Amino acid sequence: MPQVPLHPLLKPFDLSIHIFKPSEKRIHSQADLDHFNVSPAYNRIVAFLNHLNASVSPLAISSLQQEAAGESTFSMPAISPEKVYTNSPTIQVSQPVQQIVDLIQELEQFIAECPPDTGPRRFGNVAFRTWHKVAEERIPELLDKHLSTEIICHKPTTGISAKAEVTTYLMGSFGSAQRLDYGTGHELSFLAFLCAIWLLGSFIPGRDEQAIVLRVIPTYLHLIRTLVKTYTLEPAGSHGVWGLDDHSFLPYIFGSAQLTTQAPQPGVEPDYRKTKVPKPGDVAKPMIVDEWREKNLYFGAIGFINDVKKGPFWEHSPILFDISGVKEGWGKINIGMIKMYKAEVLGKFPVVQHFPFGSIFPWTSGLDDSNASNPNLENIPDTTGTSTPHPQVTTRAPWAKQPLAPTFDKPITSSQQDGRGVIDLVAGTKAPWTRAPAAPGAAQDAGMPEGGVIAKAPWAK
């Protein structure tokens, strides 16, 4: 796989001196959210997300140097697209990665022990609470079985064990047993769990990134989708049809990276015939979605939507349909998805309010929150575009009227906001049925009436 530069915040801990601590909730207000957006925890999460994203693109992506220089994150082709298909047989799966896959698969087996309740219900099935309790009781044993010896044998003289701190993030990644729902905040917790395992030294940089994205993430998504369908879990904090997806966000980031075979250029449509990858507009074509859902995370997520929702695609998923009209292709979509993730997941109070902070994801860079064994947390240049708090934005694709990279990941200044503090990126939002088809034949495949009933998204020129 292409060598991706490692961000200083992703250097593994020295377990002999690192002091772990119980994680705690720190986000209680908008002021706390603003602090989170400039915290070491935020920068570490974004650095890990960018690092994994770069690892599964056919192009050579420098998620560190090029972002810092304000340049496009895409450069020359590095590998063929087939090598980063989700079901590619060439992905090297190390023992630590396979152990996490096995852990998730064992958790899924518990579903058979906790059948759905057959009684009347209005929302989620209460049997999910039984599954959640079983998982909580057995996870300590599963972690002993599947985590590396170094983590399991870590016996601190002060603080708590490494295993105790990472358990918090794993348990937070399955949904809420109280509210019977699942959403992107729980998905964020799983990303944090993987990042924690990385920082504890189980994964090897340059070896395991692709397998994490293309083996661990799909296994986790399969578990979550099974839980959602079995226990009819409600979407947590969903925006309804005006949200990207009821439950997930990561497959759209990594899936668009998998299909980025050409660097985006303003006003230029990539040559899809040359690279043999689907066009963005093909998400509205069920036959192509079925063909690609096992090969690509983006199309896998679209396939799941088609499984659980009825009606025209443009009607039940207008934001995804809107994005499918991006002319510059998957590279621009990938950049926009990361920007949208920062705004709609990491930048939204209802999503991140329950995220726990400890020594792995510190609230501040002071010794009281991180400790002396983490010098990498201090004096790190901000290369993730987080030097200022992110204002709240609407749920429409926030890159709709933004210029193409490199300005996507730059901090948002006050001149880009209106008097209410809302980014003016979505002026003139149009109903999806007032656009022209995103691709030839897409309207008919999406179940729309003929006659050009929809107008193109503002950025799909």
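Note that the coordinates shown come from a computational prediction; the quantities given were computed from them, not determined experimentally.

Caption draft 1: Molecular detail of the overall build of the chain. Scanning the chain for helices and strands turns up 18 helices and six strands. Per-residue burial for the chain yields a buried fraction of 58% across its 461 residues. A total of about 18,200 Å² of accessible surface is found on the chain, and carbon and sulfur atoms cover 54% of it.

Caption draft 2: Main features of the nonpolar core. In this structure, F36, L107, W131, Y298, Y341 and F361 are the most contacted members of the largest nonpolar core, which totals 117 residues. Considering every element that reaches this core, the biggest residue donor is helix α9 (residues 209–231), with 13 residues. Leave out the neighbours within four places in its chain, and Y298 touches P251, Y252, G255, S256, V283, L320, I323, W330, I333 and M337.

Caption draft 3: A look at the packing of aromatic side chains. On inspection of all chains with the given rule, the structure shows 23 aromatic pairs. Ring centres of Y169 and F361 lie 5.2 Å apart, and the angle between their planes is 70 degrees; this geometry places the pair in the edge-to-face category. Highlighted residues: Y169 in helix α7 (residues 162–171) and F361 in the loop between β6 (356–357) and α18 (442–445), separated in sequence by 192 residues. A relative accessible area of 0% places F361 in the buried class. Here F355 and F357 contribute two aromatic rings whose centre-to-centre distance is 5.2 Å and whose plane-to-plane angle is 70 degrees, an arrangement assigned as edge-to-face. Like F355, the residue F357 is buried in the burial classification. Joined through ring pairs, the aromatic side chains of F36, Y42, Y169, F355, F357, F361 and W363 make up one cluster. Above the face of the F110 ring, R138 is positioned so that its terminal group lies 4.7 Å from the ring centre. The cationic tip of K295 hangs over the ring face of W292; the distance from NZ or CZ to the ring centre is 4.7 Å.

Caption draft 4: Spotlight on the confidence of the model for the chain. Taken over all residues, the pLDDT of the chain has a mean of 79, while the share at 70 or more is 73%. Low pLDDT, under 50, characterises residues 449–461; the predicted model gives this stretch 41 contacts beyond four residues in sequence or across chains.

Caption draft 5: Fine view of the packing of helix α5 (residues 127–146) against α9. Across the interface, α5 lies against α9 with an axial gap of 9 Å and an inter-helix angle of 145 degrees. By crossing handedness, the relation of α5 to α9 is classed as right-handed. Facing α5, whose interface residues are A127, F128 and W131, α9 presents L223, L227 and Y231.

Caption draft 6: Structural context of the side chain of T184. Looking at where T184 falls in the secondary structure, it is placed in helix α8 (residues 184–199). Residue T184 is classed as buried on the basis of its relative accessible area of 13%. Sequence-distant contacts of T184, that is, excluding residues within four places in its chain, are made with H247, S248, F249, V345 and V351.

Caption draft 7: The environment of F36, seen in detail. With respect to the helices, strands and loops of the structure, F36 is situated in helix α1 (residues 30–36). Once residues lying within four places of it in the same chain are set aside, the contact partners of F36 are I27, A41, Y42, L346, V352, F357 and W363.

Caption draft 8: Main features of unusual backbone geometry. Here L180, not a glycine, exhibits a phi torsion of approximately 55 degrees, which is positive. For L180, a relative accessible area of 6% translates into the label buried. Notably, K276 is not glycine yet its phi reads approximately 60 degrees, a positive angle. Considering the arrangement of structural elements, one finds K276 in the loop between α11 (272–275) and α12 (286–292).

Caption draft 9: Expanded view of the environment of E234. With respect to the helices and strands, E234 occurs in strand β5 (residues 234–235). By relative accessible area, which is 31% here, E234 ends up partly exposed. It is 6.0 Å that separates the C-alpha atoms of E234 and G124, two residues lying 110 residues apart in sequence. With near-sequence residues (within four places) excluded, E234 lies in contact with F123, G124, L180, D181, Y182 and H247.

Caption draft 10: Highlighting the pattern of salt bridges. In the structure shown here, the tally under the stated rule is 12 salt bridges. Between R179 and D181 there is a salt bridge, with its nearest N and O atoms 3.3 Å apart. Using a relative accessible area of 42% as the deciding quantity, one classes R179 as partly exposed. The shortest N-O distance in the salt bridge between D282 and K285 comes to 3.3 Å.

Caption draft 11: Broad picture of helix α16 (residues 330–344). Its 15 residues give α16 an end-to-end C-alpha distance of 20 Å, which sits within 8% of 21 Å, the value for a rise of 1.5 Å per residue. Taken across its 15 residues, α16 has 15 buried, putting it largely inside the fold.

Caption draft 12: How the structure looks around helix α10 (residues 250–258). For α10, a buried count of nine out of nine residues is recorded, marking the element as mostly surrounded by other parts of the structure. Buried residues of α10: L250, P251, Y252, I253, F254, G255, S256, A257 and Q258, and no others. Along its buried surface, α10 packs onto α2 (40–55), α8, α9, α13 (297–308), α15 (318–323) and α16.

How each quantity is defined
- Residues numbered from 1 in each chain as written.
- Predicted model: local features only at pLDDT ≥ 70, side-chain atom pairs only at ≥ 80, totals over all residues.
- Heavy atoms only, no water.
- Helix = DSSP H or I, 4+ residues; strand = E, 2+ residues; numbered from the N terminus.
- Buried < 20%, exposed > 50% of the residue type's maximum accessible area, 1.4 Å probe, protein only.
- Areas by Shrake-Rupley, 256 points an atom, 1.4 Å probe, with all protein chains shown as cover.
- Core = buried A, V, L, I, M, F, W, Y, C linked by side-chain atoms within 4.5 Å.
- Contact = heavy atoms within 4.5 Å.
- Phe/Tyr/Trp six-rings, centres within 6.5 Å; stacked < 30°, edge-to-face > 60°.
- Lys NZ or Arg CZ within 6 Å of the ring centre and 35° of its normal.
- pLDDT = per-residue confidence, 0-100.
- Axes fitted to C-alpha atoms, helices over the stretch in contact; angles between N-to-C directions.
- Left-handed = near helix turned anticlockwise from the far one by under 90°.
- Salt bridge = Lys/Arg side-chain N within 4 Å of Asp/Glu carboxyl O.
- Expected span 1.5 Å × (residues − 1).

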